[in-house]
Amino acid sequence: MTSTTTLTITRPDDWHVHLRDGEVLNNTVTDISRYFGRAIVMPNLVPPVTEVKAATAYYKRIMAQNPSAHFKPLMVLYLTDQTSAQDIIEAKESGLVFAAKLYPAGATTNSSSGVTDVAKLADVFAAMQSVGMPLLIHGEVTSCEIDIFDREQVFIDTILQPLVAKYPLLRIVLEHITTKNAVDFVESAGDNIAATITVHHLLYNRNDMLVGGIRPHYFCLPILKRNIHQHALIKAATSGSNKFFLGTDSAPHAQHAKESACGCAGVYSAHAAIELYAEVFEQENALDQLEAFASLNGPNFYQLPVNNDKITLVKKSWSVPETMSFGSDVVVPVRANEEILWQVQD
Ligand SMILES: NC(=O)N[C@@H](CC(=O)O)C(=O)O
Ligand SMILES: [Zn+2]
Ligand SMILES: [Zn+2]
């Protein structure tokens, strides 16, 4: 006799995703809206989403793809050296902009218009604190003398700690954390500090990217770290702590842009995110914690209602294709040409 293992959880949300723009939007929106309820949509377009007007137009382009009815994009303002406190007040009043994103200039994909010095944004952070707008952070320093594997930790020590001390009521999400140092920092901070964790940082460490040949599809920022960090992230995600929640950081680049002499940073996981998180949680004997991580902790932190419907995962393996459509190009998804153990029931 065979028995099927199933797991029913409250509909999950993705608190960090890149949908890109233009002809690929149809692919990314279709994938992300298959079962996710809400998604925080990152603003690092070219040009970046620095104004309410641009956020509104981007929202409309996303909704024009006819996502599933349960799907709601949450829009984000991209902070630059020029952002003013007035911009934050207007963004809040718009009712459309949900959060603002700090990219240190040069830290990651399309961050060249980012912030060169957080001191320049003192009024902006004060305004965010007073209107209650969350600050989302790509937490890496950019100075060339800092090793790429240390950039998250140095950011926490030199930029984030003082920022948290200066704005004690500002709600901050340290995005896509990759180190034990980040886990420790978030755990020891107040209730206003939380973190997202990607599925690729739970599944892989830098050996997966570099041993036996360089695998460009595992290259993302912050970069995969050594296995002790991977294990600290797995422990944090599966611990039941309400400070950690799901953010795929699904960040597609066309195959040719990754398989290149200077390949782009970003992993595409929107085609199978909750399925892969389920694998990690099952491996840890922690499937009972998946719902908190994927569906409860995020809304709790963001002061939003939990989704009022459910999804069901079935333990039934399937193969991921070698490539997937990405506008007129293709993207190589995570687990390409390999099996995934779980599926979401239609
Ligand atoms: N994570 C990545 O490696 N890349 C993201 C940017 C980001 O989230 O830092 C992208 O937009 O491609
Ligand atoms: Zn980032
Ligand atoms: Zn991202």
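Under an unreviewed UniProt entry, the name given to the protein is Dihydroorotase, and the organism recorded is Colwellia asteriadis. For the protein, the Sequence similarities (unreviewed entry) comment in UniProt is given as "Belongs to the metallo-dependent hydrolases superfamily. DHOase family. Class II DHOase subfamily." According to the UniProt record, the Pathway (unreviewed entry) comment for the protein is "Pyrimidine metabolism; UMP biosynthesis via de novo pathway; (S)-dihydroorotate from bicarbonate: step 3/3."

Now for the nonpolar core. In this structure, L79, L135, L160 and I274 are the most contacted members of the largest nonpolar core, which totals 96 residues. For this core, the element with the most residues is helix 11 (residues 273-283), which contributes seven residues. Apart from residues lying up to four places away in sequence, L160 is in contact with I137, F155, I172, L174 and F185. With 15 residues, the next largest nonpolar core counts I40, F98, L136 and V173 among its residues.

What follows covers the sheet that holds strand 10 (residues 310-319). Read from one edge of the open sheet, three strands run 1-10-13, paired in antiparallel fashion. The sheet is open, and its two edges are formed by strand 1 (6-10) and strand 13 (339-344), each paired on a single side. Strand-to-strand, the axes of this sheet are offset by a mean angle of 35°, without reference to chain direction. Where strand 10 meets strand 13, five bridges bridge the pair, whose relative direction is antiparallel. Looking across to strand 13, one finds that K315 is bridged to W342. Most of the contacts of helix 11 go to strand 13, to which it runs at about 110°, and overall it touches strand 1, strand 10 and strand 13. The sheet strands contacting helix 12 (residues 290-302) are strand 1 and strand 10, and the helix crosses strand 1 at an angle near 30°.

This brings us to the coordination of the zinc ion (ligand 3). Here the zinc ion (ligand 3) is held by H16 (NE2), H18 (NE2) and D249 (OD), and the distances to it run 2.0 Å. For the zinc ion (ligand 3), the four donor atoms are set out with angles of 94 to 140° between them, so the coordination reads as irregular. The sequence pattern formed by the donor residues of the zinc ion (ligand 3) is H-x1-H-x230-D. Here the zinc ion (ligand 3) and the zinc ion (ligand 2) are spaced 3.8 Å apart. Of the two residues, H16 is situated in strand 2 (residues 14-17) and D249 in the loop between strand 9 (244-246) and helix 10 (255-258); the sequence distance between them amounts to 233 residues. Among the residues examined, H16 registers a relative accessible area of 1% and is labelled buried. Here D249 falls in the buried class, since its relative accessible area comes to 6%.

This part takes up the site of ligand 1. In the vicinity of ligand 1 lie 15 residues, with R20, N44, T108, L221 and D249 positioned nearest. R20 places a side-chain nitrogen or oxygen 2.7 Å from an oxygen atom of ligand 1. Here an oxygen atom of ligand 1 and a backbone polar atom of G266 are 3.3 Å apart. Out of a free accessible area of 320 Å², ligand 1 has 100% covered by protein chains. For ligand 1, the cavity whose grid points lie within 2 Å of the majority of its atoms is the largest cavity.

Moving on to helix 9 (residues 227-238). Taking 1.5 Å as the rise per residue, helix 9 with 12 residues should run 16 Å; its terminal C-alpha atoms sit 16 Å apart, in good agreement. Within helix 9 the residues assigned to the buried category are H229, Q230, A232, L233, I234, A236, A237 and T238. If you follow the buried residues of helix 9, they end up packed against helix 6 (180-188), strand 8 (193-197), helix 7 (199-203), strand 9, helix 11 and helix 12. Downstream of helix 9 by one or two residues, G240 has phi in the positive range, about 95°.

Rules used in this analysis
Residues numbered from 1 in each chain as written. Chains lettered and ligands numbered in written order. Predicted model: local features only at pLDDT ≥ 70, side-chain atom pairs only at ≥ 80, totals over all residues. Heavy atoms only, no water. UniProt positions renumbered as here; feature names shortened; annotations may be inferred. Core = buried A, V, L, I, M, F, W, Y, C linked by side-chain atoms within 4.5 Å. Buried < 20%, exposed > 50% of the residue type's maximum accessible area, 1.4 Å probe, protein only. Helix = DSSP H or I, 4+ residues; strand = E, 2+ residues; numbered from the N terminus. Contact = heavy atoms within 4.5 Å. Pairing = 2+ DSSP bridges. Axes fitted to C-alpha atoms, helices over the stretch in contact; angles between N-to-C directions. Donors = N, O, S within 2.8 Å, 3.2 Å for Na, K, Ca; no water. Tetrahedral: all angles 85-135°; square planar, octahedral: opposite > 155°, others 65-115°. Near = heavy atom within 4 Å. Polar contact = N/O pair within 3.5 Å; in protein donor to acceptor, adjacent residues only side chain to side chain. Areas by Shrake-Rupley, 256 points an atom, 1.4 Å probe, with all protein chains shown as cover. 1 Å grid on protein atoms, 1.4 Å probe; cavity = no way out; pocket = protein on both sides within 12 Å on 5 of 7 lines; lining within 4 Å. Sits in = over half its atoms within 2 Å of the grid points. Expected span 1.5 Å × (residues − 1).

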